[in-house]
Amino acid sequence: MDSVTHLAAGILTPLVFRKAPRTAALVLFGIAAGELPDIDAVAGSSAHVMLSVHRSMTHSIPVIIISACLLAFLMKLFLSKVRLRDMTVRVENGQAVVNRPDDWGLGYMFMAALLGLASHVYLDCMTTFGTQILWPFSDYRVAVPALFIVDFLFTVPLILIALYCLKGFRNPNRLDRQVKWARYGMAWLVLYPLCCFGIHQALSYKLNNDYTEVGTAVEKITLTPVLASPFYWKAVAENPKEYRLDWIALYKPFQKPEFMPPIYPKPDARKWEKLQEALPIFREFDNFATFVTVEATKSNDDFIEYTFTDLRYLYSAFNVIMEKIDSNKGLFLMQIRMGAKDKKVYAWRYLERGNDETAMWHAVRPLFTLEEPEETEPGAE
């Protein structure tokens, strides 16, 4: 999910605890918990980082537990200093009475930090990008196709609830109301993605039962969220050789998809495996991608460029919007440059955005072939 959604969720998580001290540090504590897993963004945006590092270690269950302990310890240390600073002494009946500000137990701090971190990972798992929550034991990506990375219908109510809870933040008369609405916000955070996933499953079931048949152009239909989900979904139809796209509207559940051209061919299985064996970065791409398609995007007498696209990110918003910003070629593309005659792979490059033609090519050593070279006629130079 986007950073704004994680920010709002982070603000709400410590507010669900009634005993939490109403101090500005509590808000910062919640924001830190809500945003901390995305610290892996500092690693950069190279192919390896985007395909394997992002949403791996810092989003895993073992690391978020360790992170929750660290955040709770830092919060406890800070509040101890605040209690000492704000401590007062008064005399009652000739005896000194020490007044200390309310404390917040370390256990509550840990639970609040863990809730903020877990909310971040939960929301990321509900997108198609995928999250390696089992790292380092497994690189499997949990990717539930429920939410697009930006969902205004989901985020705006979450922001409004967070702002309402911050209004009169230190007013003890508003405490019960703040706690109640913070819990409403957390319920919204959990239930909305589940409802979207339920819609996804219902539509997928109907489409695959009504419009698929083995041996035809449409053997399987997979829905993936776009900017207007859950009211609008991208449908990817496939058979062993190709993919086709169409758009499914929730308000037209009985409209039969047409899956008209263009057709997106799948890479040849043998060549794709060979490419992954020779270049590990393509193995990472295969582990990351869902619908890999290949196209010869440029050629001349010397070389041919092949582009590998994940159809999840082709037309990931409305086509008109994507064409306006010149990004309708998709995201996270991989390319190879192959000799036109000898069929050897000479270089590869990664395009984070489809229109990023300034990306650097990486030389391949040693060279390898994906196809048999063309035969040369006798006597030809």
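Computed from a predicted structure; not experimentally measured.

A. Seen up close, the overall build of the protein chain. Assigned secondary structure in the protein chain consists of ten helices and eleven strands. A separation threshold of at least 6 residues defines the contact pool for the protein chain, and within that pool the share at least 24 residues apart is 60%. By element, 61% of the accessible surface of the protein chain is carried by carbon and sulfur atoms, the whole surface being about 20,100 Å².

B. Quick peek at the pattern of salt bridges. Following the criterion strictly, the structure yields seven salt bridges and no others. Across the pair arginine 244 and glutamate 242 runs a salt bridge, and its minimum N-O distance is 3.0 Å. Across the salt bridge formed by aspartate 310 and arginine 312, the nearest N and O atoms sit 2.7 Å from each other. On the basis of relative accessibility, which here comes to 5%, the residue arginine 312 falls in the buried class.

C. Region of the structure containing the sheet that holds strand S8 (residues 303-310). On the basis of which strands lie adjacent, the open sheet formed by five strands has the order S7-S8-S9-S10-S11 and antiparallel pairing. In this open sheet, the two strands that pair with only one neighbour each are strand S7 (292-299) and strand S11 (362-369). On average, adjacent strands in this sheet sit at an angle of 30° to one another, irrespective of strand direction. Pairing of strand S10 (residues 344-353) with S11, which is carried by four bridges, proceeds in the antiparallel orientation. By the bridge assignment for S11, alanine 347 is matched with alanine 363.

D. Structural context of the pairing of strand S5 (residues 242-249). Of all eight residues making up S5, seven are buried, and the element is well covered by its neighbours. Sheet analysis places strand S4 (residues 232-238) next to S5, joined by seven bridges and oriented antiparallel. Considered in S5, the bridge of lysine 234 is made with tryptophan 247. The loop that links S4 with its antiparallel partner S5 comprises three residues. Where S5 lies against strand S6 (residues 264-265), two bridges are found, and the strand directions are antiparallel. Looking across to S6, one finds that tyrosine 243 is bridged to tyrosine 264.

E. Seen up close, the sheet that holds S6. Read across the open sheet, the four strands follow the order S3-S4-S5-S6; overall the sheet is antiparallel. Edge strands, defined here as strands with exactly one partner in the open sheet, are strand S3 (220-225) and S6. Helix-sheet contacts for helix H7 (residues 175-210) involve S3, S4 and S5, and the interaxial angle to S3 is about 155°.

F. The state of the cysteines, seen in detail. One pass over the structure, following the stated rule, counts zero disulfides. Left without a disulfide partner, cysteine 195 is nearest to the cysteine sulfur of cysteine 196, which lies 7.0 Å away.

G. The nonpolar core, seen in detail. Core analysis: the biggest nonpolar cluster contains 44 residues, and Leu12, Leu26, Phe29, Trp104, Leu147 and Phe154 have the highest contact counts within it. Elements represented by at least two residues in this core include exactly helix H1 (3-12), helix H2 (24-35), helix H4 (61-85), helix H5 (106-125), helix H6 (152-166) and H7. Ranked by residue count, the leading element in this core is H5, at seven residues. Ignoring any residue separated from it by four or fewer positions in sequence, one finds tryptophan 104 in contact with Pro14, Phe17, Lys19, Ala20, Pro21, Leu26, Phe29, Lys76, Leu79, Met109 and Ala112. Listed in part, the 30 residues of the second largest apolar core include Leu51, Trp272, Ile336 and Phe368.

H. Broad picture of the confidence of the model for the protein chain. Within the protein chain, residue pLDDT values average 87, and 88% of them lie at 70 or more. In this model residues 86-90 is a low-confidence stretch, pLDDT under 50, and it forms 16 contacts with partners more than four residues away in sequence or in other chains. For residues 96-101, every residue scores under 50 in pLDDT, and the model assigns this stretch 18 contacts once sequence neighbours within four places are set aside.

I. Examining unusual backbone geometry more closely. The omega torsion of the bond from tryptophan 135 to proline 136 falls at 5°, within 30 degrees of zero and hence cis. Between serine 229 and the following residue, proline 230, the backbone shows a cis peptide bond with an omega angle of 15°. Tracing the sequence through the fold places proline 230 in the loop between S3 and S4. In this model, arginine 55 sits at a positive phi of 60°, which is unusual for a non-glycine residue. Positionally, arginine 55 belongs in the loop between helix H3 (47-53) and H4. Assessed through its relative accessible area of 4%, arginine 55 is described here as buried. In this structure, phenylalanine 332 takes a positive phi of about 55° despite not being glycine. When you line up the elements, phenylalanine 332 lands in strand S9 (residues 331-339).

J. Seen up close, helix H8 (residues 269-278). What H8 keeps buried is the set Trp272, Leu275 and Gln276. In an axial view of H8, the angular spread of the buried residues amounts to 100°, which keeps them on one side of the axis. Exposed positions of H8 whose direction lies more than 90 degrees from the buried face are Arg270 and Glu277. Residues of H8 that are buried in the fold lie against helix H9 (280-288), S7, S8, S9 and S11. The residue sitting at the N-terminus of H8 and contributing the capping side-chain oxygen is aspartate 268; that oxygen lies 3.1 Å from the backbone nitrogen of arginine 270.

K. Region of interest: the side chain of arginine 312. Mapped onto the elements of the fold, arginine 312 is located in the loop between S8 and helix H10 (319-324). At 2.6 Å, the side chain of arginine 312 forms a polar contact with the backbone oxygen of phenylalanine 288. For arginine 312, the residues in contact, after removing those within four places along its chain, are Thr128, Phe129, Thr224, Lys234, Phe288, Ala289, Thr290 and Phe291.

The rules behind each value
- Residue numbers run consecutively from 1 along every chain, following the written order of its sequence.
- In view of the model being predicted, local features appear only for residues whose pLDDT reaches at least 70, and side-chain atom pairs are presented and counted only at 80 or more, with totals across whole chains, interfaces and linings using the full set of residues.
- Side-chain figures throughout are based on the complete set of non-hydrogen atoms in the structure, without hydrogens or water.
- Each helix corresponds to a stretch of at least 4 residues labelled H or I by DSSP, and each strand to a stretch of at least 2 residues labelled E; elements are numbered beginning at the N terminus.
- Whether two residues are in contact is decided by their heavy atoms: any pair within 4.5 Å suffices.
- Method for areas: the Shrake-Rupley scheme with a 1.4 Å probe, in which residue coverage is limited to the protein chains shown.
- The term salt bridge refers to a side-chain nitrogen of Lys or Arg lying within 4 Å of a carboxyl oxygen of Asp or Glu.
- When accessible area is computed with a 1.4 Å probe and restricted to protein chains, residues below 20% of their type maximum are described as buried, those above 50% as exposed, and intermediate ones as partly exposed.
- Strand pairing is assigned whenever DSSP detects at least two bridges linking the two strands.
- Throughout, an axis means a line fitted to C-alpha atoms (over the contacting stretch in the case of helices), and angles, computed between N-to-C directions, take values from 0 to 180 degrees.
- Note on terminology: pairs of cysteine sulfur atoms within 2.5 Å are recorded as disulfides.
- The criterion is simple. A nonpolar core is a set of buried Ala, Val, Leu, Ile, Met, Phe, Trp, Tyr and Cys residues joined through side-chain atoms within 4.5 Å.
- Residue-level confidence of the predictor is summarised by pLDDT, bounded by 0 at the bottom and 100 at the top.
- This arc describes the spread of directions from the helix axis toward the C-beta atoms.
- Here a polar contact is recorded for every N or O atom pair within 3.5 Å, except that within protein the pair must consist of a potential hydrogen donor and a potential acceptor, and residues adjacent in sequence are included only if both atoms are side-chain atoms.

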